[in-house]
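The chain contents come next:
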Amino acid sequence: MKRFDVRRAVTADAALLCDLHKASVRALCAGSYSAAQIELWLAPRSADDYRRAMAAGEVMLAATYADRVVGFASTKGAELRALYVDPKLGRGAGGALLLAAEEQVRSAGEPVLHLQATPNAVAFYRKHGYMREARGVVRRGGVELQVLCMRKSLQSAGLPSTITRSVTAPARRNADASWYSGE
Ligand SMILES: CC(C)(COP(=O)(O)OP(=O)(O)OC[C@H]1O[C@@H](n2cnc3c(N)ncnc32)[C@H](O)[C@@H]1OP(=O)(O)O)[C@@H](O)C(=O)NCCC(=O)NCCS
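Please read these numbers as outputs of a predicted model, since none were measured by experiment.

J.: Would you explain the overall build of the protein chain in this entry?
T.: Within the protein chain, the regular secondary structure consists of 5 helices and 8 strands. Mapped in sequence order, the helices and strands of the protein chain form the string β-α-α-α-β-β-β-α-β-α-β-β-β. Within the span of the protein chain, comprising 183 residues, buried residues form 44% of the whole. Taking contacts inside the protein chain between residues at least 6 apart in sequence as the whole, the part at least 24 apart equals 69%. In the structure as shown, the protein chain presents an accessible area of about 9,200 Å², 52% of it carried by carbon and sulfur atoms.

J.: What should I look at first to understand the site of the ligand in this one?
T.: Around the ligand, the structure places 26 residues, and the nearest of them are Leu-83, Gly-92, Gly-94, Gly-95 and Asn-120. Here an oxygen atom of the ligand sits 2.6 Å away from a polar atom, N or O, in the main chain of Gly-92. Measuring from an oxygen atom of the ligand, one finds a backbone N or O atom of Ala-93 at 3.2 Å. Of all the elements, helix H5 (residues 122-127) adds the most residues to the shell around the ligand, at 4 residues.

J.: Please clarify how unusual backbone geometry should be interpreted in this entry.
T.: Negative phi values dominate among residues other than glycine, just as trans dominates among peptide bonds. Even without being glycine, Ala-66 reaches a positive phi, approximately 50°. Tracing the backbone through its elements, the reader meets Ala-66 in the loop between strand E2 (59-65) and strand E3 (68-76). Despite not being glycine, Asp-67 has its phi angle at roughly 65°, a positive value. Counting through the fold element by element, Asp-67 comes out in the loop between E2 and E3.

J.: What is the right way to look at the pattern of salt bridges in this model?
T.: When charged atoms on two side chains of opposite charge get close, those side chains can pair. Following the criterion strictly, the structure yields 9 salt bridges and no others. A salt bridge links Arg-81 to Glu-58; the nearest nitrogen and oxygen atoms lie 3.1 Å apart. Within this pair, whereas Arg-81 is found in strand E4 (residues 79-85), its partner Glu-58 is found in the loop between helix H3 (47-55) and E2, the two being separated by 23 residues in sequence. For Arg-81, a relative accessible area of 40% puts it in the partly exposed group. Among the salt bridges present, the one from Glu-133 reaches Arg-151, with a minimum N-O distance of 3.1 Å. Note that Glu-133 is positioned in strand E6 (residues 131-140) and Arg-151 in strand E7 (residues 143-153), a separation of 18 residues in sequence. Glu-133 sits in the partly exposed class, given a relative accessible area of 40%. Several salt bridges share partner residues, and in doing so they unite Glu-58, Glu-79 and Arg-81 into one network.

J.: Before we go on, may I ask you to explain the nonpolar core in this structure?
T.: Looking at soluble globular proteins, one finds that nonpolar side chains tend to be buried together. Core analysis: the biggest nonpolar cluster contains 27 residues, and Leu-80, Leu-97, Tyr-125 and Met-150 have the highest contact counts within it. Those elements that provide at least two residues to this core are strand E1 (3-8), E2, E3, E4, helix H4 (94-107), strand E5 (112-117), H5 and E7. With 6 residues, the single largest contributor to this core is H4. In this structure, Tyr-125 is in contact with Leu-80, Leu-83, Leu-98, Leu-115, Ala-117, Tyr-130 and Met-150, ignoring residues within four places of it in sequence. By size, the runner-up hydrophobic cluster in this structure holds 25 residues, among which are Leu-17, Cys-29, Val-138 and Val-143.

Procedures and definitions
Numbering of residues starts from 1 in every chain and runs along the sequence as written. A pLDDT threshold of at least 70 governs which residues receive local features in this predicted model, and a stricter bar of 80 or more applies before side-chain atom pairs are shown or counted, although totals over entire chains, interfaces and linings include all residues. Excluding hydrogens and water, the side-chain values take into account all heavy atoms of the structure. In DSSP terms, a helix is any run of H or I states spanning at least four residues, a strand is any run of E spanning at least two, and both are numbered starting from the N terminus. Working definition: with a 1.4 Å probe on protein chains only, accessible area under 20% of the residue-type maximum means buried, over 50% means exposed, and in between means partly exposed. What makes two residues a contact is simply this: any of their non-hydrogen atoms within 4.5 Å. Where accessible areas are quoted, they stem from the Shrake-Rupley method and a 1.4 Å probe; at the residue level, only the protein chains shown are allowed to cover. Working definition: residue near molecule or strand if any one of its non-hydrogen atoms lies within 4 Å of it. Polar contacts, as counted here, are pairs of nitrogen or oxygen atoms within 3.5 Å of one another; within protein the pair requires one atom able to donate a hydrogen and one able to accept it, and residues that are adjacent in sequence qualify only if both atoms are side-chain atoms. Note on definitions: salt bridges are taken to be side-chain nitrogens of Lys or Arg within 4 Å of carboxyl oxygens of Asp or Glu. Note on terminology: a nonpolar core comprises buried Ala, Val, Leu, Ile, Met, Phe, Trp, Tyr and Cys residues joined through side-chain atoms within 4.5 Å.

Now the structure itself:
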């Protein structure tokens, strides 16, 4: 069982975050989009994008395991912009990152967190209390991708007040393919 810590990411993490993001998409979103779509999505992405996003007010959180960054989440205002784990070392960090991101957004005064889920992640978000709003299409790099817009009320209290936490990873499970149906 792995223990992950979550801390605020800094500009020095940018290159790592970029590499991790690409590895995560290639490995974990492969069942949702074609290889060609994924490469068009990732092609223009560089470490500078992450530095610029931080400078523009995006809050990035990094999950670490044995001092190594193994996942990250990013929020801006009431939106979860990104949540990605390293496919080899970070599985199990997603829940910890999502809780930390929710806590960060709640403490900034936002009552609701919105996100645009890739198909592979819908079951994960449902499990964490997110409700489906509508189907959507987002432009990422040079491609349009189908997503599911989801939201969660952050009103219910009960989480600790610090964004730094340690979480033990649960056992793994398979992805859920029925992402567009149901609530
Ligand atoms: C989605 C993602 C962040 C989940 O991270 P993870 O580390 O694998 O998730 P965790 O192991 O922390 O899962 C936390 C909980 O969600 C559940 N869960 C995770 N993935 C799930 C899935 N596909 N279906 C159902 N439940 C899932 C886990 O069972 C666990 O529940 P538990 O605490 O009751 O045991 C990760 O798979 C990822 O990076 N995917 C690629 C990028 C991506 O799709 N990001 C979202 C973009 S919108």
